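Examining the three-dimensional arrangement
The residues making up each chain are set out below.
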Amino acid sequence: SGLSQEAGSVEQLSLHCAEGSLEWLYPTGALRLRLAPRLPPTSAAVKGRSPPHVTACIKPTGTFRGAQLYLEREGVLELLLPESPRPRARCFSWLPQEKVALFLQATPHRDISRRIAAFRYELRGDWLARPALPAASLGAEGACRPCNDTEILMAICTSDFVIRGSIRSVSNDAELQESIIGVSATRIHRQKFPLFQAGGRPGWPVGSIRTPLRCGVKPGPGTFLFTGWLHFGEAWLSCAPRYRDFQRIYQGAQRTRQNPCEFPVD
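Let us look at the structure shown here. (Residues numbered from 1 in each chain as written. Predicted model: local features only at pLDDT ≥ 70, side-chain atom pairs only at ≥ 80, totals over all residues. Heavy atoms only, no water.)

A look at the pairing of strand S13 (residues 205–212)
- Counting buried positions over the eight residues of S13 gives six, a clear majority of the element.
- The pairing of strand S11 (residues 178–191) with S13 spans seven bridges and is classified as antiparallel. Bridge pairing in S13 places serine 179 opposite threonine 211.
- Pairing analysis gives two bridges linking strand S12 (residues 197–198) to S13, with the strands arranged antiparallel. Looking across to S13, one finds that alanine 198 is bridged to proline 205. (Buried < 20%, exposed > 50% of the residue type's maximum accessible area, 1.4 Å probe, protein only. Helix = DSSP H or I, 4+ residues; strand = E, 2+ residues; numbered from the N terminus. Pairing = 2+ DSSP bridges.)

Take a look at the structure:
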């Protein structure tokens, strides 16, 4: 709470968890949040390769008020969230040796009405594959590019969800710059959280997967293998080959013993 802070003071905090949330009541002065995720051993740089990047994503609540959030990189400030931002995620990455922090600065107001500056965050080390995140985020360059064979084979092994199914609908959210793909699942190969559940009537489990609006996803017939990542509790698309194409790719990798993991194919 800012009520316990002196005007003009800067409170120092460190964010170590892979994900979490921060809520600042009655913002006063500023908070400086050092980003120091505890990265798993697998994220360490491999000899002969460039060191992996660390990634952070910030998503404000719909009631974010009373402060502005800046990215502080090597002493330079960049505005990430203005006061009363749209509730969409912002992502950025940095090398482990870079000094990076978030600077949450209270905005002056004459009245004393209650304000809360609150957001959720995710910290990741060396994201596997290429997560498709919202526009102006990490991975924006190749988020719409179809996955190649190697990426598809890795996606079935490492993704948060692997769902076989068909596209029921596609709706677009112009404000958030997102497309929401309605999917009817014929088989749930893996899901870390219950993203796809049976509907109110007997039938296949249904759920939704998001992708950047600029990718121009259109509804189409056929069976797909949807893979992707959880991002602030929502499913985001990574690779989605047609199932018959995936079968061909996987069986070819099996013959040459280049499949990175075992996967049930029928």
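Brief notes about the pattern of salt bridges
- Evaluation of the coordinates by the stated rule reveals six salt bridges.
- Across the pair glutamate 72 and arginine 32 runs a salt bridge whose closest N-O atoms are separated by 2.9 Å. With a gap of 40 residues between them, glutamate 72 in strand S5 (residues 67–73) and arginine 32 in strand S3 (residues 30–35) connect regions that are remote in the sequence.
- Residue classification places glutamate 72 among the buried positions, given a relative accessible area of 15%. (Salt bridge = Lys/Arg side-chain N within 4 Å of Asp/Glu carboxyl O.)

Notes on helix H2 (residues 243–255)
- Taking 1.5 Å of rise per residue, 13 residues should cover 18 Å, and H2 covers 18 Å from first to last C-alpha, within 8% of that figure.
- When we look at burial in H2, the residues that qualify are Tyr243, Phe246, Gln247, Ile249, Tyr250, Gly252 and Ala253.
- Taken together, the buried residues of H2 touch helix H1 (149–158), strand S10 (161–173) and strand S14 (224–231). (Expected span 1.5 Å × (residues − 1). Contact = heavy atoms within 4.5 Å.)

Considering the environment of leucine 31
- Mapped onto the fold, leucine 31 is located in strand S3.
- For leucine 31, a relative accessible area of 5% corresponds to the buried category.
- Once the C-alpha coordinates of leucine 31 and leucine 13 are considered, the two residues, 18 residues apart in sequence, prove to be 7.3 Å apart.
- When residues no more than four places from it in sequence are discounted, the contact partners of leucine 31 are Gln5, Glu11, Leu22, Trp24, Leu102, Phe103 and Leu104.

Quick notes on the packing of H1 against H2
- Where H1 contacts H2, the two axes come as close as 10 Å, and the packing angle between them is 90°. Judged by the inter-axis angle, H1 sits roughly perpendicular to H2. Counted together, Asp149, Ile152, Leu153 and Ile156 of H1 and Phe246, Ile249, Tyr250 and Ala253 of H2 form the full contact between these two elements.
- The residue makeup of the contact of H1 with H2, split by class, is seven nonpolar, no polar and one charged. (Axes fitted to C-alpha atoms, helices over the stretch in contact; angles between N-to-C directions. Parallel < 35°, antiparallel > 145°, perpendicular 65-115°, else oblique. Nonpolar A, V, L, I, M, F, W, Y, C, P; charged D, E, K, R; others polar.)

Notes on the state of the cysteines
- For the structure shown, the criterion picks out three disulfides.
- In this model, cysteine 57 is linked to cysteine 91 through a disulfide, with the two sulfur atoms separated by 2.1 Å. Taking the torsion about the S-S bond as the criterion, the cysteine 57 to cysteine 91 disulfide, at about 110°, is right-handed. Of this pair, cysteine 57 sits in strand S4 (residues 54–60) while cysteine 91 sits in strand S7 (residues 90–94), and the two are 34 residues apart along the sequence. Here cysteine 57 and cysteine 91 have matching classes, each one buried. (Disulfide = S-S within 2.5 Å.)

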